[in-house]
Amino acid sequence: MSQFPSTGSKPQPEGSTRLVIIALVMALLAVILVNVYVSFAKTRAAGGSLIIYRATRALNPGDRLTDKDLEAVEVPDRFQQTYTNVIKRDQTGRADRLGDEIKRPIAHNEFITYGHFVEDPERSLSGKITPGKRLVALPVKSDILPSIGTGMRVDIAAPFIGAGAAPDVLLVIENVEIRSVGQFTEIDEQASDGRRRAPTSFKTITIEVLPQQALQLSRIEKIAAGPFELHIRPEGGDSTPLIRGGGINPAVLEKIGDAPSAVGGL
């Protein structure tokens, strides 16, 4: 019987297989180490990063900063000196100054700085008061007003309890200029180049009157049956005053026990 050589593969020694596996593992570790080194090198070259915030909407003085007003922006650490005054994350991981009152206007997409929470003396109405006058804030019903803005001239009326079922509405003072609507002042409007307007929802307006009239208006507010009502005057004024001699309506002064002045009347 003839002998033929075997055609089957010769089994590899067990040690050779182990060496191949070790070589593959070493190659894989080398690739991982190279990637880690490259990532580390890129991180060192680029530096770290910091989180700063910009406004998602226009914010007015008197508003309080909330999470929904903020958009987080990540910038490289190398720009830290550029954004020194911009608010950043606090130790809790949230934006600093949340809940704080804003003192200066913030435009949409503007980076929010710590300076926005400091009153600007040049933007204060206290420096704009006419000598010998006073500013007084009056509660009003904003939901019944078509459009109110600083600089408008208005007549101011108020409801008083009368003999009938419905209150008596009397003119209190006429032809006065609105100096602020809520926290929005004429200075804010001048600084905005017309881009920002007075809020549509507000609780008070501010007008400028004589010191004695400011006291009288405060007392009238206490006895009125509701908020003051505003009647918008036409641009250019009105040559037919309803209160002769100006000032506060004598009929209203009588309700607070003040004697009407020698001039004036309705």
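Relevant structure appears above.
These figures come from a predicted structure and were not determined experimentally. (Residues numbered from 1 in each chain as written. Predicted model: local features only at pLDDT ≥ 70, side-chain atom pairs only at ≥ 80, totals over all residues. Heavy atoms only, no water.)

(A) Seen up close, the nonpolar core. Grouped together as the largest cluster of nonpolar side chains are 27 residues, with contacts concentrated most on Ile156, Val172, Ile207, Leu217 and Ile220. Going through the elements one at a time, β3 (134-139), β4 (153-160), β5 (168-181), β7 (204-209), α3 (211-223) and α4 (250-255) are the ones with two or more residues in this core. Of the residues forming this core, the biggest block, 5 residues, is contributed by β5. Discounting chain neighbours no more than four positions away, the residues touching valine 172 are Ile156, Ala157, Ala158, Leu217, Ile220, Phe228, Ile243, Gly247, Ile248, Asn249 and Val252. Leu65, Ile87, Ile102 and Ile112 belong to the second-largest nonpolar core, a separate cluster that totals 12 residues. (Core = buried A, V, L, I, M, F, W, Y, C linked by side-chain atoms within 4.5 Å. Buried < 20%, exposed > 50% of the residue type's maximum accessible area, 1.4 Å probe, protein only. Helix = DSSP H or I, 4+ residues; strand = E, 2+ residues; numbered from the N terminus. Contact = heavy atoms within 4.5 Å.)

(B) Molecular detail of the packing of aromatic side chains. Per the stated rule, a full pass over the model turns up 1 aromatic pair. Look at tyrosine 83 and phenylalanine 111: their rings are 5.5 Å apart centre to centre, the planes differ by 65°, and that puts the pair in the edge-to-face class. Separated by 28 residues along the polypeptide, tyrosine 83 in the loop between β2 (70-76) and β3 and phenylalanine 111 in the loop between β2 and β3 bring together distant segments of the chain. Classification of phenylalanine 111 by relative accessible area gives partly exposed; the value is 25%. The ring of phenylalanine 117 has arginine 97 sitting right over it, with the charged end atom 4.6 Å from the ring centre. (Phe/Tyr/Trp six-rings, centres within 6.5 Å; stacked < 30°, edge-to-face > 60°. Lys NZ or Arg CZ within 6 Å of the ring centre and 35° of its normal.)

(C) The side chain of aspartate 69, seen in detail. Topologically, aspartate 69 is positioned in the loop between β1 (49-55) and β2. Using a relative accessible area of 0% as the deciding quantity, one classes aspartate 69 as buried. Separated by 2.8 Å, the side chains of aspartate 69 and threonine 66 make a polar contact. Setting aside residues up to four positions removed in sequence, aspartate 69 forms contacts with Arg54, Ala55, Thr56, Arg57, Leu59 and Arg64. (Polar contact = N/O pair within 3.5 Å; in protein donor to acceptor, adjacent residues only side chain to side chain.)

(D) Structural detail: the environment of alanine 95. With respect to the element layout, alanine 95 can be found in the loop between β2 and β3. In the structure, alanine 95 is positioned 24 residues away from glutamate 71 in sequence and 9.8 Å away in space, judged by C-alpha atoms. Setting aside anything within four residues of it in sequence, one finds alanine 95 in contact with Tyr53, Leu70, Lys88, Arg89 and Asp90.

(E) Local environment of unusual backbone geometry. For arginine 97, which is not a glycine, the phi torsion comes out positive at approximately 75°. Structurally, the position occupied by arginine 97 is in the loop between β2 and β3. Overall, arginine 97 belongs to the partly exposed group, its relative accessible area being 25%. Phi is positive for asparagine 109, which is not a glycine, with a value near 75°. Looking at where asparagine 109 falls in the secondary structure, it is placed in the loop between β2 and β3. Asparagine 109 sits in the partly exposed class, given a relative accessible area of 41%.

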